[in-house]
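Per-entry structural report
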Amino acid sequence: MKNNSINTLVRKNILKLQPYISFRDQHEFHAPVMLDANESPFGEFNRYPDSTQKKLKNKLAGLKDVSPSQIAIGNGSDELIDLIIKIFCEPKKDSILMMNPSFAMYGFYAAINENNVLKLNLDENFEIVKEDFLTFVKEPVKIFFLCSPNNPTGNSIDDIEFYLQNFNGIVVVDEAYIEFSGKKSSLGLLEKYPNLIVLQTFSKAWGIAGARVGMAYASEEIISLINTVKAPYNVNILSQELILKTLDEETKLQQNVQNILIEREWLEDQLRDIECIAKIFPTDANFFLIKMKNVDQVYGKMLDHEILTSRRDPAIPGCIRINVGSRQENEKLVNLLKNITD
Ligand SMILES: *Cc1c(COP(=O)(O)O)cnc(C)c1O
């Protein structure tokens, strides 16, 4: 990034905002008499959650080797995508850039905010064409969403520093599937690039999508902006407690990932010689993008047999995105696909 100050990228009205932090969270002040927040005095979950999510951040900081002030926590990384767009993109004026195909939510939140969504078309192997990327750098684009491994294609994007160096705005590296990839996280680049935001989530490898918790890692400056614009109580008490407990069981994460990787390999083996499949794209994630010879027929049969998958056709012609499931689910899928012939 040639720009030295993040502040020049931030919307002016956002720079003027004061964060809402309650007195008790500001001062970590918990009194025997708590009459400040109009809560109920009765029950187990009667108090508001910690709006600063202090315990959670301290624990994550140790695990990820960053400072707690470099972490923002959201109601899923979805909320963080929304907040990042709100912070940097002036409605009706600024644009975001996203890979195509990639995760639809970047475009969804940009559209709500009336920001332009520019699409960087990937090549036939779903790689970025660097010359194409550079043509977008010339436009007034505020944020580049770089999803690696990419959803729905499954491949990782190489040479992330190239995009950080050659973009004059914020680069959001979405690492929702990084644990399945064996690739190095971009967290190690935070010190070097003030325009980097790394997104991670508890929804995929950690296996707790229902808790709705995601993280943004970035410079203290960017994190303080996210903390300023977020709803104060965006992560509820039950989820904060569940995550604290889950973080104590890091071996369980490794076990989870290992099990999925074993299943992924098994599934790929089974799918290799199936007649209705035209191509299985290589994956670094917990899903496969698969091109079918006759996608209408295959998708229809899956629905008939109550097997739910994610149809990507016509955006990605002939393709269906299929999750690695339990062995039982995977077997049902394989048996159905094996029986489709014509
Ligand atoms: C699943 C997914 C997420 C996770 O979103 P949460 O709101 O944390 O559940 C983020 N980015 C991508 C690309 C995803 O596929």
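Residues numbered from 1 in each chain as written. Predicted model: local features only at pLDDT ≥ 70, side-chain atom pairs only at ≥ 80, totals over all residues. Heavy atoms only, no water.

**Comments concerning the site of the ligand**
- Residues in close proximity to the ligand total 14 residues, the closest being Asp-174, Tyr-177, Thr-201, Ser-203 and Lys-204.
- Here a nitrogen atom of the ligand and a side-chain polar atom of Asp-174 are 2.7 Å apart.
- Tyr-177 has a polar side-chain atom sitting 2.6 Å from an oxygen atom of the ligand.
- Bound to the protein, the ligand loses 93% of the 390 Å² it would expose on its own.
- Here the shell around the ligand takes 3 residues from helix α4 (residues 76–88), the largest share from any one element.
- Grouping the amino acids of the shell around the ligand by side-chain chemistry returns 5 nonpolar, 5 polar and 4 charged. (Near = heavy atom within 4 Å. Polar contact = N/O pair within 3.5 Å; in protein donor to acceptor, adjacent residues only side chain to side chain. Areas by Shrake-Rupley, 256 points an atom, 1.4 Å probe, with all protein chains shown as cover. Helix = DSSP H or I, 4+ residues; strand = E, 2+ residues; numbered from the N terminus. Nonpolar A, V, L, I, M, F, W, Y, C, P; charged D, E, K, R; others polar.)

**Section: the pairing of strand β5 (residues 170–174)**
- β5 sits mainly inside the fold: 5 of its 5 residues count as buried.
- Neither face of β5 is left uncovered, since the one carrying Ile-170, Val-172 and Asp-174 and the one carrying Val-171 and Val-173 both have all their residues buried.
- Where strand β4 (residues 141–147) lies against β5, 5 bridges are found, and the strand directions are parallel. Bridge pairing in β5 links Ile-143 to Ile-170.
- Taking the sense of rotation as the criterion, the β-α-β connection linking β4, helix α7 (residues 160–165) and β5 turns out right-handed.
- Bridge analysis of β5 against strand β6 (residues 196–201) gives 4 bridges, and the strand direction is parallel. (Buried < 20%, exposed > 50% of the residue type's maximum accessible area, 1.4 Å probe, protein only. Pairing = 2+ DSSP bridges. Right-handed = clockwise from strand over helix to strand, strands pointing away.)

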